[in-house]
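What follows is each chain in one-letter form.
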Amino acid sequence: MTIASRIATIRQQLPDSVRLIAVTKQVPTDAIREAYDAGIRDFGESKVQETAEKQSQLQDLPGINWHLIGHLQANKAAKALEQFQWIHSLDNLKLATRLDRLAGELSCSPQVCLQVKILPDPDKYGWTIPELLADLPELNRCQHLKIQGLMTIPPLGLDDSQILEFFNTTRQLADQIQQQNFAHIHMEQLSMGMSGDYHLAIQAGATMIRLGQTLFGSRRG
Ligand SMILES: *Cc1c(COP(=O)(O)O)cnc(C)c1O
C-alpha cells in the first residue's frame, strides 16, 4: 500500500474531532512529501536536530504544523520554540517556566500539552497525577504558553481493556483540571493514541492521535 492510500484508509475511520498527526521520526523527506501531497499538514517529530535537518529540506512546503512529541532537553528549548508550533511533551515544571521565559523573549506563544504518567512507568517522562495537580497554580502563571491539554503514552504490556481504562483516566484527569477554571490552562486537547492503540484512544475521547508505523511502515530499532 502506498502512504497516500494508508492515510486515506485511516482518515475514513476518524471522527472529524480527531486530528491526525503523522509521526515522521526516522522517516525520510521523500515519504514526508508523499504524506503532504496526501493532505497531511501536522507532522510529529521527537528530536529537535533531526527536525531542523528535515525542515531545511522541506522549506518549499507551506502550511506545515510541526509537533514535538519527544522529551525536550532544557538546552534545546529555544531551538524548539523556533521549530515547533506544538510541544506535546512538556513534562516538568522547570522546563515549563524556562519555555515560558524564552517564549516571552522570542515573542511567541507555543501551544503545549502537559505529558502525564497515569501509571508508574520508569521508561517515560512526565508528571504523575498528584505532581501535576500540585503544579497547576504555577503552570497557570506561564502566560506565554498556550496550555491546551494533556498528552500520554501507555506503558508496555497492557491489554486492550487496561489501555482503554488508562486513556479514560487521562480524560477524567483533563475534566478534573478543566473544572478548576484556571485562566491559562485549557483542557481541550487529549494527545493520545499511537499505531497500536489509537482506536482505544479515540473511544476514550482523544483529539490528536500520533501515528507513525501504520502510515510509514515499521521503523528500525
Ligand atoms: C514514535 C512515537 C509515536 C508513533 O508511534 P507509532 O507506533 O509509530 O505509531 C507516537 N507518539 C510518540 C510520543 C512517539 O515517540
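Because the structure is a prediction, the values reported are computed rather than measured. (Residues numbered from 1 in each chain as written. Predicted model: local features only at pLDDT ≥ 70, side-chain atom pairs only at ≥ 80, totals over all residues. Heavy atoms only, no water.)

## A look at the pattern of salt bridges
In step 1: Under the definition given, this model contains seven salt bridges.
In step 2: With its nearest N and O atoms 2.9 Å apart, the salt bridge here joins Glu-50 to Lys-54. Of this pair, Glu-50 and Lys-54 both sit in helix α3 (residues 48-57), four residues apart, which is roughly one turn of that helix.
In step 3: The exposure class of Lys-54 is buried, given its relative accessible area of 7%.
In step 4: Across the pair Glu-105 and Arg-101 runs a salt bridge whose closest N-O atoms are separated by 3.2 Å. Of this pair, Glu-105 and Arg-101 are both found in helix α5 (residues 93-106), four residues apart, which corresponds to roughly one turn of the helix.
In step 5: Its relative accessible area of 45% is what places Arg-101 among the partly exposed residues.
In step 6: Each of Glu-45, Glu-50 and Lys-54 takes part in one network of salt bridges that share partners. (Salt bridge = Lys/Arg side-chain N within 4 Å of Asp/Glu carboxyl O. Helix = DSSP H or I, 4+ residues; strand = E, 2+ residues; numbered from the N terminus. Buried < 20%, exposed > 50% of the residue type's maximum accessible area, 1.4 Å probe, protein only.)

## Considering the side chain of Gln-83
In step 1: Checked against the element boundaries, Gln-83 lands in helix α4 (residues 77-83).
In step 2: At 3.0 Å, the side chain of Gln-83 and the backbone oxygen of Val-48 are in polar contact.
In step 3: Ignoring sequence-local partners within four residues, the contact set of Gln-83 consists of Val-48, Thr-51, Ala-52, Gln-55 and Trp-66. (Polar contact = N/O pair within 3.5 Å; in protein donor to acceptor, adjacent residues only side chain to side chain. Contact = heavy atoms within 4.5 Å.)

## A word on the nonpolar core
In step 1: Core analysis: the biggest nonpolar cluster contains 66 residues, and Leu-132, Leu-139 and Leu-150 have the highest contact counts within it.
In step 2: Setting aside residues up to four positions removed in sequence, Leu-150 forms contacts with Cys-113, Leu-114, Val-116, Leu-132, Thr-170, Leu-173, Ala-174, Ile-177, Met-187, Gln-189, Leu-190 and Ser-191.
In step 3: The next biggest cluster of nonpolar side chains, apart from the first, holds five residues, and it includes Ile-21, Trp-86, Cys-113 and Met-208. (Core = buried A, V, L, I, M, F, W, Y, C linked by side-chain atoms within 4.5 Å.)

## Here we look at the site of the ligand
In step 1: As a structural note, the neighbourhood of the ligand is formed by Val-23, Lys-25, Ile-69, Ile-153, Met-194, Ser-195, Arg-210, Leu-211, Gly-212, Gln-213 and Arg-219.
In step 2: Between the ligand and Arg-210, the relevant distance is 2.8 Å, taken from a nitrogen atom to a side-chain nitrogen or oxygen of the residue.
In step 3: Gln-213 is positioned with one of its backbone polar atoms (N or O) 2.8 Å from an oxygen atom of the ligand.
In step 4: Contact with the protein chains covers 89% of the free accessible surface of the ligand, which is 380 Å².
In step 5: Among the residues forming the shell around the ligand, the class breakdown is five nonpolar, three polar and three charged. (Near = heavy atom within 4 Å. Areas by Shrake-Rupley, 256 points an atom, 1.4 Å probe, with all protein chains shown as cover. Nonpolar A, V, L, I, M, F, W, Y, C, P; charged D, E, K, R; others polar.)

## Some remarks on α3
In an α-helix, one turn spans 3.6 residues, which is why side chains three or four residues apart end up on the same side.
In step 1: Residues Val-48, Thr-51, Lys-54 and Gln-55 constitute the buried set of α3. Here the buried residues of α3 occupy an arc of 125° about the axis, which is enough to place them on one side.
In step 2: Where the residues of α3 are buried, they touch α2 (29-37), β2 (42-45), β3 (65-68) and α4. (Arc of directions from axis to C-beta.)

## Some words on unusual backbone geometry
In step 1: Phi is positive for Ser-107, close to 50°, though the residue is something other than glycine.
In step 2: Checked against the element boundaries, Ser-107 lands in the loop between α5 and β5 (111-117).
In step 3: A residue is classified by how much of its surface remains accessible, and Ser-107, at 69% relative accessible area, is exposed.
In step 4: The backbone of Asn-181 sits at a positive phi, close to 55°, despite the residue not being glycine.

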